[in-house]
Each structure stands twice: as structure tokens, then as C-alpha cells.
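So the chains spell out like this:
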Amino acid sequence: MPSEKNGKVALVTGASGGIGREIAEILLMKGYDLLLVARSLGKLEELRKKFKLIASDQTVTVLRADLSHSESPKMIFDFANDRNISVDILVNNAGVGISGGIDEYSEEDLLKMILLNIFSLTALCKHFSPQMKEKRSGNILNIASIGGYQPVPYLAAYAASKSYVLNFSDAIAMELKDYGVSVSCYSPGLTDTQFFDRADIDENNNFYAKKMRVSPKDVAQDAVEMMLRGKLSSIYGLKNNVLAFLTQITPSRNIIARITKKIVTK
Ligand SMILES: NC(=O)c1ccc[n+]([C@@H]2O[C@H](COP(=O)([O-])OP(=O)(O)OC[C@H]3O[C@@H](n4cnc5c(N)ncnc54)[C@H](OP(=O)(O)O)[C@@H]3O)[C@@H](O)[C@H]2O)c1
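Our subject in this report is the structure included herewith. (Residues numbered from 1 in each chain as written. Predicted model: local features only at pLDDT ≥ 70, side-chain atom pairs only at ≥ 80, totals over all residues. Heavy atoms only, no water.)

### Quick word on the site of the ligand
As a reminder, the rule being used: Here a residue is considered near a molecule or strand provided that any single heavy atom belonging to it is located within 4 Å of it. By the criterion applied in these results, polar contacts are pairs of N or O atoms within 3.5 Å in which, for protein atoms, one can donate a hydrogen and the other can accept it, and in which residues neighboring in sequence qualify only through two side-chain atoms. Throughout, the Shrake-Rupley method with a 1.4 Å probe supplies accessible areas, and for residues the shown protein chains are the sole cover considered. Helix numbering and strand numbering both begin at the N terminus, where a helix is a DSSP run of H or I of at least 4 residues and a strand a DSSP run of E of at least 2.
Inspection of the region around the ligand gives 32 residues, with Arg-39, Ser-40, Asn-93, Tyr-158 and Thr-193 positioned closest. One nitrogen or oxygen atom from the main chain of Gly-14 is found 3.0 Å from an oxygen atom belonging to the ligand. Here an oxygen atom of the ligand and a side-chain polar atom of Thr-193 are 2.5 Å apart. Relative to its unbound accessible surface of 880 Å², the ligand loses 98% to contact with the protein. Breaking the shell around the ligand down by element, the ones donating at least two residues are helix H1 (18–29), helix H5 (156–176) and helix H6 (195–198).

Written as C-alpha cells, this is what we have:
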């Protein structure tokens, strides 16, 4: 049973599948109206119908947007404004990876990934935070990755894009905290979603093997809880926390990169 409608709105990017879809459902059950964004409008429409059956008095609005286009964040902001949708929770979840050696990247895929993982996430924070500041309340949840805690050979640009998300989130958290707005950054580890297929990660690679991945529902639950507590940053699971800790206490970045290369190519 969903909680009573709370009159607040959560905007979730990448809500058509994976972790974002689970985050959307958890927020629905907590009484939030939803503004769901992704490229697959059909999947979003299906979700809207399902959510209306679960919580008929809550408003679920869907919007098709490709966040690998630089004009999309402003378009989403204008769409919300035109409909008097005031966003209380912003979840920047949409993200993709590209795998392989640096010489193998397609320039087009690289640009799209950087626009999605870095530019759009940043621009959505920029557009929606002034309203939150004015209301002196709001939560931003940025989805990073355990990969953002160290250099990751053969997933180099993706992991670096997530390092950006970690540092950017911690910095704006300090800027916005005096206005009652919390910024949280959540790092999933290997999670069983479409991510690996989309990133073209080799199924035979032991490190990324399917059996190592956890359920997106568990990850989403943990992420939403930490955001609602206003926690600055959090990583899913003990193993990932230990890995991130070891990375942080290792004095040489060179050593970390060497070890990571061994681990991800075993
Ligand atoms: N799965 C993992 O192991 C893992 C680990 C660490 C971090 N993460 C991070 O978790 C987040 C969610 O990923 P996931 O694992 O749930 O992957 P997923 O199953 O591939 O879902 C990605 C979501 O992002 C949306 N998306 C992709 N490209 C988009 C674009 N250009 N514009 C708008 N939306 C777009 C997709 O919807 P459409 O295709 O409909 O647009 C989908 O809803 C990402 O930021 C990812 O980097 C995942």
C-alpha cells in the first residue's frame, strides 16, 4: 500500500528501466507525485499506467527527453515550469558507460556519454536548485558509481565521469546546505540492469559477471533512504565500501591503477 499523497514532486531521470525505475516506484510508494524522464516514451507510459493503478490520487507525468542533447535539461525545466510542477526531489540517475580501450571509443558515443553523465546532470542541478533554495527545502540525489573512486582501465572515461559526479555533488552539497537543500551522491556497485549490454561489456569478463551483480531494487532502496536522511554520500554494500576505503588510503594513484587493471582484466 502506498503512503498518503504528500503533495511533493520527484523528478527521476532514466526512469524507464534499471535503478531509476525502482527509485521511481519507491518514491511513488512514499507518496510523491512523479515526473519521469527517459527516451523510451512507451516504457514510461506503461509505467505511468501501472503507477496509476497503485496510487490513483498521485500524479505521474512522463516526458521523453534525450539527455545526451545539450538543450534537454533546459527543455525539462521549461516543461515543469509551464505545468506549474515545482520539483522537491531531483534524482539524476540516467547514465551510460562505454567500454574498451581509449583508441576503440567512437567519438560520437564519447560525446553522448559526457553530455549525459556530466553535462545534463550538472545542468539539471543548476536549473532546479534555485527553486529549492527559495523554498528552503529539497533533495538532490546524483547517482555516481563505485567506479568513480579510482581509475578503471577499459572503462576509463565512464569511471572518470563518475569521479566528476562524486566531486561535483560534494561541492554543491556545501553550497546548498545553508538553504535547507540536501545533495546526496550514491554509488552503486555491480547491479543487474541493462547497463552492461549498453556499455558493451564482455559477458565473459569474470569481474563484471552476472553472478556478481545485485538487484536494482535493493540498490534503489538504499539510495532513496540515504537521500531522505540527507546523507552526503554512500556506497552500496560492504565489499564496495571496503574497496573504496582501500583506494582512499593507498598513497599512490599509480598502484591503484595497476591493481584495478589486474582486477578488471582477470
Ligand atoms: N548497473 C550497474 O552496475 C551500475 C553501477 C554503478 C553505477 N550505475 C549507474 O546507475 C545509473 C542507472 O543505470 P542502470 O544500471 O539502471 O542502467 P540501465 O538499466 O541501462 O538504465 C539507464 C536508464 O537511463 C536512461 N537513459 C540512457 N541514456 C539516456 C539518454 N541519452 N537520455 C535520457 N535517458 C537515458 C535509460 O532509458 P532510455 O534508454 O529509455 O532513455 C534508462 O532508463 C547510471 O547512472 C549508471 O551509470 C550502474
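### Section: empty space enclosed by the protein
As a reminder of what qualifies: Cavities and pockets are found on a 1 Å grid laid over the protein atoms alone: a cavity is a set of points where a 1.4 Å probe fits but cannot escape, a pocket is an open set with protein on both sides within 12 Å along at least five of seven lines, and a lining residue has an atom within 4 Å of such a point. Grid points are joined across faces, edges and corners, and a volume is the space filled by probe spheres set on the points. Residues were grouped as follows: Ala, Val, Leu, Ile, Met, Phe, Trp, Tyr, Cys and Pro as nonpolar; Asp, Glu, Lys and Arg as charged; and all remaining residues, including Gly, as polar.
Taken as a whole and assessed by the stated rule, the structure comprises one cavity of 30 Å³ or more. Within this model, the largest cavity holds a volume of roughly 40 Å³. For the lining of the largest cavity, the leading source of residues is helix H4 (residues 107–135), giving four residues. Counted by class, the lining of the largest cavity contains five nonpolar, four polar and no charged residues.

### Remarks on the sheet that holds strand E6 (residues 181–187)
The following threshold applies: Strands are treated as partners if at least two bridges between them are detected by DSSP. Axes here refer to lines fitted to C-alpha atoms; in helices the fit is confined to the stretch in contact. Angles between the N-to-C directions go from 0 to 180 degrees. For this analysis, residues touch if any pair of their heavy atoms sits within 4.5 Å.
Here seven strands make up an open sheet; going across it, the order is E3-E2-E1-E4-E5-E6-E7 and the pairing parallel. Two strands in the sheet have a free side with no partner beyond their single neighbour: strand E3 (60–64) and strand E7 (233–235). Taking each pair of neighbouring strands and ignoring which way they run, the sheet shows an average axis angle of 15°. Where H5 meets the sheet, its contacts fall on strand E5 (138–143), E6 and E7, and the angle it forms with E6 comes to roughly 160°. Lying over the sheet, helix H7 (residues 216–228) contacts strand E4 (89–92), E5, E6 and E7, oriented at roughly 155° with respect to E6.

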